[in-house]
Amino acid sequence: MTLSVEINKVKFPHPVFNAAGPKDVTLDELMVIGRSQSSAILMKSCTLEPRDGNPEPRYYEDEFGSINSMGLPNKGYQEYGKYTPILKATFKKPVIASVSGMKIEDNVKIIKFFSTIQELDMIELNLSCPNLPGKPQIGYDADASDKLIRSVKDVCSKPLGLKLPPYFDFVHFEQMAKVINKHTPDFVTCINSLGNGLIIDAMKEETVIKPKGGFGGIGGDYCKPTALANVRKFYELLNKDIAIIGCGGIKSGIDVFEFILAGASAVQIGTHYLKEGPSVFERCVKELEHMMKKKKYSSLDEFRGTLKVIE
Ligand code: DHB
């Protein structure tokens, strides 16, 4: 049996790795991901300058998932440029940078820089951070997304992906798919957190996080049906040479199996990595293997996208 996946010549031994965000800010945290069975190391979304992020408490989890309003705490892009050769030499698996500049020119500058880092395998451009007061998620504006992708494509010499927000309306899927197909990135990641949710502590009659009046991005179980729908819809609408990476509520090998059935080439784990720790990757891969054995599949290609629809 093989679980390997290839996205524009970048080889992953299996389809399960960490999502951008949870515990991937510092080199120490990235080393933990490196030592785990995560099939790649995806680094925290970065900006030009280092940032401390929003005031705490800014992360909370309950039995169904999480809410976060971290506010992009990160070391600044140059640090991630320094970490990359260390991570690559130590762990010999794909290293992926996540880019979330505050404006087009920042994204261009950061992606130009990452294009010069030989050991870096891929770049995920974030179109969907919901936690910056006063800054809309660019992925909800097809024209602004078009302009941003066009600008960074010109300077990017690495495989490039887009981290998309969740969409809920077929017309919005179609508008965005048109833009994405025009620029043919190597992959899209569906989805970022469900933006601006609200979790309340009833006993305290209070919000559970401090920034933005308690509003934040929702992750975990809350997201899975929306994430699956986004993977499926983009699998239907995008050119077949654009890979789809699923993200949202994955915590078992059966979840991974479902995302691949819907059309995903690989998956990322965020909330559940924070909940369970680094063992989540190995466990999900083992459970996926078990499911494939039961179903007599010997590769992911045999069932990717083959979801049956009730006639
Ligand atoms: C943050 C949250 C996100 O969902 C994202 O895509 C980027 C950054 C944050 O709050 O740090």
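Data block above holds the structure.
Residues numbered from 1 in each chain as written. Predicted model: local features only at pLDDT ≥ 70, side-chain atom pairs only at ≥ 80, totals over all residues. Heavy atoms only, no water.

Engineer: Help me understand the site of the ligand in this model?
Structural biologist: Close contacts around the ligand come from K44, N68, M70, G71, L72, P73, N126, C129, P130, N131, N192 and S193, and that covers them all. For the ligand, an oxygen atom lies 3.2 Å from a polar atom in the backbone of M70. One of the side-chain nitrogen or oxygen atoms of N126 is found 2.7 Å away from an oxygen atom of the ligand. In isolation the ligand has 290 Å² of accessible area, and contact with the protein removes 92% of it. Residue classes in the shell around the ligand are distributed as 5 nonpolar, 6 polar and 1 charged. (Near = heavy atom within 4 Å. Polar contact = N/O pair within 3.5 Å; in protein donor to acceptor, adjacent residues only side chain to side chain. Areas by Shrake-Rupley, 256 points an atom, 1.4 Å probe, with all protein chains shown as cover. Nonpolar A, V, L, I, M, F, W, Y, C, P; charged D, E, K, R; others polar.)

Engineer: Honestly, the side chain of T47 in this entry has me stumped. Any pointers?
Structural biologist: Assignment of secondary structure puts T47 in the loop between strand 4 (41-42) and strand 5 (59-62). There is a polar contact of 2.9 Å between the side chain of T47 and the side chain of N74. (Helix = DSSP H or I, 4+ residues; strand = E, 2+ residues; numbered from the N terminus.)

Engineer: Even after reading the chapter, I still don't get unusual backbone geometry, so can you show me in this structure?
Structural biologist: With glycine set apart, most residues show a phi of negative sign, and most peptide bonds adopt trans. Of note, the amide linkage connecting E56 to P57 takes the cis form, showing an omega dihedral of 0°. With respect to the helices and strands, P57 occurs in the loop between strand 4 and strand 5. Even without glycine at this site, L72 takes up a positive phi of about 60°. Note on placement: L72 falls in the loop between strand 6 (65-68) and helix 2 (77-91). The phi angle at K92 is positive, at roughly 50°, despite the residue not being glycine. In this structure, K92 sits in the loop between helix 2 and strand 7 (95-99). For K92, a relative accessible area of 66% gives the class exposed. (Buried < 20%, exposed > 50% of the residue type's maximum accessible area, 1.4 Å probe, protein only.)

Engineer: Can you walk me through the environment of D169 in this structure?
Structural biologist: By secondary structure assignment, the location of D169 is in the loop between strand 9 (160-164) and helix 5 (170-183). C-alpha separation for the pair D169 and Q268, spaced 99 residues apart in sequence, amounts to 24 Å.

Engineer: When you look at the state of the cysteines in this model, what are you seeing that I'm missing?
Structural biologist: Formally, a disulfide is one covalent bond, and it connects the sulfur atom of one cysteine to the sulfur atom of another. Under the criterion given, the structure shown has 0 disulfides. C247 forms no disulfide, and the closest cysteine sulfur to it belongs to C223, at a distance of 8.1 Å. Given the relative accessible area of 8%, C247 is considered buried. (Disulfide = S-S within 2.5 Å.)

Engineer: I tried to follow the pairing of strand 5 on my own but got confused; where do I start?
Structural biologist: Side-chain direction in a regular strand flips from residue to residue, so the side chains alternate between the two faces of the sheet. Pairing of strand 5 with strand 6 involves 4 bridges; the strand directions are antiparallel. By the bridge assignment, Y60 is partnered in strand 6 with I67. Adjacent in sequence and paired antiparallel, strand 5 and strand 6 are bridged by 2 residues. (Pairing = 2+ DSSP bridges.)

Engineer: Looking at this structure, how should I read the sheet that holds strand 15 (residues 243-247)?
Structural biologist: Strand pairing in a sheet relies on backbone hydrogen bonds, with the paired strands running either antiparallel or parallel. Here 8 strands make up an open sheet; going across it, the order is 3-16-15-10-9-8-7-4 and the pairing parallel. Looking at which strands have only one partner, the edges of the open sheet turn out to be strand 3 (16-18) and strand 4. As paired strands, strand 8 (residues 122-126) and strand 9 are joined by 4 bridges and run parallel to one another. Note that in strand 9 the partner of N126 across the bridge is K163. Helix 9 (residues 279-295) rests against strand 3 and strand 16 (266-269) of the sheet, and its axis sits at about 165° to strand 3. (Contact = heavy atoms within 4.5 Å. Axes fitted to C-alpha atoms, helices over the stretch in contact; angles between N-to-C directions.)

Engineer: Would you mind showing me how to read the sheet that holds strand 5 here?
Structural biologist: One open sheet accounts for 4 strands, arranged 5-6-14-11; its pairing is antiparallel. Strands at the two margins of the open sheet, each flanked by one partner only, are strand 5 and strand 11 (194-198). Within the sheet, the average angular offset between the axes of one strand and its neighbour, ignoring direction, is 40°. Two strands pair when backbone bridges link them, and strand 6 and strand 14 (residues 215-220) are joined in this way by 4 bridges, in the antiparallel orientation. The residue of strand 14 that forms the bridge with G65 is G220.

Engineer: How do you make sense of the packing of helix 4 (residues 142-153) against helix 5 when you look at a structure like this?
Structural biologist: Packed helices, taken two at a time, are described by the angle their axes make and the gap between the axes. In the contact formed by helix 4 and helix 5, the axes pass within 10 Å of each other and the chain directions differ by 15°. As far as their axial angle goes, helix 5 and helix 4 are roughly parallel. When the axes of helix 4 and helix 5 are compared, the crossing they make is right-handed. For the pair helix 4 and helix 5, contact is made by A142, S145, D146, I149, R150 and K153 and by M176, V179, K182 and H183, respectively. Its residues assigned to classes, the contact of helix 4 with helix 5 shows 4 nonpolar, 2 polar and 4 charged. (Parallel < 35°, antiparallel > 145°, perpendicular 65-115°, else oblique. Left-handed = near helix turned anticlockwise from the far one by under 90°.)

Just distances and angles here, no functional claims.
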